[in-house]
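Coordinate inspection notes
Chain by chain, the residues:
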Amino acid sequence: MASHEATKVLRAAGEATIQVSLGSGVTLGDGRFTVIAGPCALENADQVEKSATAVKQAGAHVLRGGAFKPRTSPYAFQGLGEMGLKLLAEQGKRHRMPVISEVMDVSQLSLMMDYVDVLQIGARNMHNFSLLREVAKTQRPVVLKRGFGATLEEWLHAAEYLLDGGNDQVILCERGIRSFDTTLRNTLDLAGMAWVKERSKLPVIVDPSHSTGVRSLVIPMALAAAAAGADGLMVEVHPTPETALCDGPQALTPAMFGSLMQTLPGLLQATGRKLSGYEALTAVGS
Ligand code: PEP
Ligand code: MN
């Protein structure tokens, strides 16, 4: 019988991590640490503008924001749709940052392709194999989040669908899993992240926002992820978290995000690594 093992995602002995080019000169997987930041949901022009300006100023490399939101309740804010994508693309251009947003369904894919540099496949869609197959055909870089009930092997198999379909521009994102303990929103599996980094040649990033659900824990877990060897972060930042239409309790304020970005270079240096673009940032400041 033919093997069903996920083989295309595996790292051969001594093989380097795949470099994923996100646009505007940003590369994930080249050994430097990359930060994706922005609000959970794109809400309105002012909020998107303030979020983009704040994360860019602090040194983020990629701007995030959801236009189609997978909400637990059908009565919760579902996202701005195409209007949100327009605002995101506009701010990305203005600040020369690649932009990422979640594609929830195959039917949204051609629209998303007009606006985003990077496609996000959310935790709830990790097992949506028809979506994975269609996204593979686009050749666009993809962030594949781990399903909250998925084993590490299932996550790698989902990534295998993308590589097998012809797209190796794939970044894995650990965003916490559901465990017996429901005190926090999810349980951050940092050991799983480190195992996947060893086993797979794909870059792996960590989302300290959804994995904790608690603002005060986001920076500690972001730093822990950097120390544990992640290739980068995806972190939620909102100009006024108390008014956020989605995930306010886990959003960093711009000041908190600024402080995280100030702390990262020293922490990375201790493990022999660098923040992406850090030389350029310090050169401008000096
Ligand atoms: C998100 O990043 O906006 C999101 C919905 O995350 P997840 O799919 O990990 O729940
Ligand atoms: Mn969110």
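The rules behind each value
Residues numbered from 1 in each chain as written. Chains lettered and ligands numbered in written order. Predicted model: local features only at pLDDT ≥ 70, side-chain atom pairs only at ≥ 80, totals over all residues. Heavy atoms only, no water. Donors = N, O, S within 2.8 Å, 3.2 Å for Na, K, Ca; no water. Helix = DSSP H or I, 4+ residues; strand = E, 2+ residues; numbered from the N terminus. Buried < 20%, exposed > 50% of the residue type's maximum accessible area, 1.4 Å probe, protein only. Pairing = 2+ DSSP bridges. Axes fitted to C-alpha atoms, helices over the stretch in contact; angles between N-to-C directions. Near = heavy atom within 4 Å. Polar contact = N/O pair within 3.5 Å; in protein donor to acceptor, adjacent residues only side chain to side chain. Nonpolar A, V, L, I, M, F, W, Y, C, P; charged D, E, K, R; others polar. Arc of directions from axis to C-beta. Contact = heavy atoms within 4.5 Å. Phe/Tyr/Trp six-rings, centres within 6.5 Å; stacked < 30°, edge-to-face > 60°. Lys NZ or Arg CZ within 6 Å of the ring centre and 35° of its normal. Salt bridge = Lys/Arg side-chain N within 4 Å of Asp/Glu carboxyl O.

**Structural notes on the coordination of the manganese ion (ligand 2)**
Looking at the manganese ion (ligand 2), the protein donor atoms are Cys40 (SG), His210 (NE2), Glu236 (OE) and Asp247 (OD), and they sit 2.0 to 2.4 Å from it. When the donors of the manganese ion (ligand 2) are listed by position in the chain, the intervening gaps give C-x169-H-x25-E-x10-D. With histidine 210 in the loop between strand E9 (204-206) and helix H7 (215-227) and glutamate 236 in strand E10 (residues 232-236), this pair connects stretches of sequence that are 26 residues apart. No difference in accessibility class separates histidine 210 from glutamate 236, as the two residues are buried.

**Some thoughts on unusual backbone geometry**
Even without glycine at this site, arginine 96 takes up a positive phi of about 50°. With respect to the helices, strands and loops of the structure, arginine 96 is situated in the loop between helix H2 (82-94) and strand E5 (99-102).

**Overview of the sheet that holds strand E8 (residues 170-174)**
The strand order E3-E4-E5-E6-E7-E8-E9-E10 describes a closed barrel built from 8 strands, whose pairing is parallel. Adjacent strand axes in the sheet meet at a mean angle of 25° when their direction is disregarded. Here 2 bridges tie strand E4 (residues 62-64) to E5, and the two strands are oriented parallel to one another. Residue pairing in the sheet places arginine 64 in a bridge with isoleucine 100 of E5.

**Concerning the site of ligand 1**
Ligand 1 sits among Arg64, Lys69, Glu102, Gln120, Gly122, Ala123, Arg124, Lys145, Arg175, His210 and Glu236. Interatomic distance of 2.9 Å between a side-chain N/O atom of arginine 124 and an oxygen atom of ligand 1. Take arginine 175: an N or O atom from its side chain is 2.6 Å from an oxygen atom of ligand 1. Counted by class, the shell around ligand 1 contains 1 nonpolar, 3 polar and 7 charged residues.

**A few points about helix H6 (residues 190-199)**
Here H6 has its buried residues at Leu190, Gly192, Met193, Val196 and Lys197. Within H6, the buried residues cover an arc of 155° as seen down the axis, which keeps them to one side. Turned more than 90 degrees off the buried face of H6, the exposed positions are Ala191 and Glu198. In the core, the buried residues of H6 are packed alongside helix H5 (152-164), E8, E9 and H7.

**Considering the packing of aromatic side chains**
All told, the structure shown has 1 aromatic pair when counted by the stated rule. When the centroid spacing of 4.6 Å and the interplanar angle of 20° are considered together, the rings of phenylalanine 129 and tyrosine 161 count as stacked. In this pair, phenylalanine 129 is assigned in helix H4 (residues 129-138) and tyrosine 161 in helix H5, connecting sequence segments 32 residues apart. The lysine or arginine in question, arginine 178, covers the ring of phenylalanine 148, its NZ or CZ lying 4.6 Å from the ring centre.

**Points about the pattern of salt bridges**
Evaluation of the coordinates by the stated rule reveals 15 salt bridges. The salt bridge partner of arginine 133 is aspartate 164, with a shortest N-O separation of 3.2 Å. With a gap of 31 residues between them, arginine 133 in helix H4 and aspartate 164 in helix H5 connect regions that are remote in the sequence. Judged by its relative accessible area of 36%, arginine 133 falls in the partly exposed class. Judged by its relative accessible area of 41%, aspartate 164 is partly exposed. The partner of aspartate 247 in a salt bridge is arginine 185, with the nearest N and O atoms 3.0 Å apart. Of this pair, aspartate 247 sits in the loop between E10 and helix H8 (254-270) while arginine 185 sits in the loop between E8 and H6, placing them 62 residues apart in sequence. Classification of arginine 185 by relative accessible area gives partly exposed; the value is 36%.

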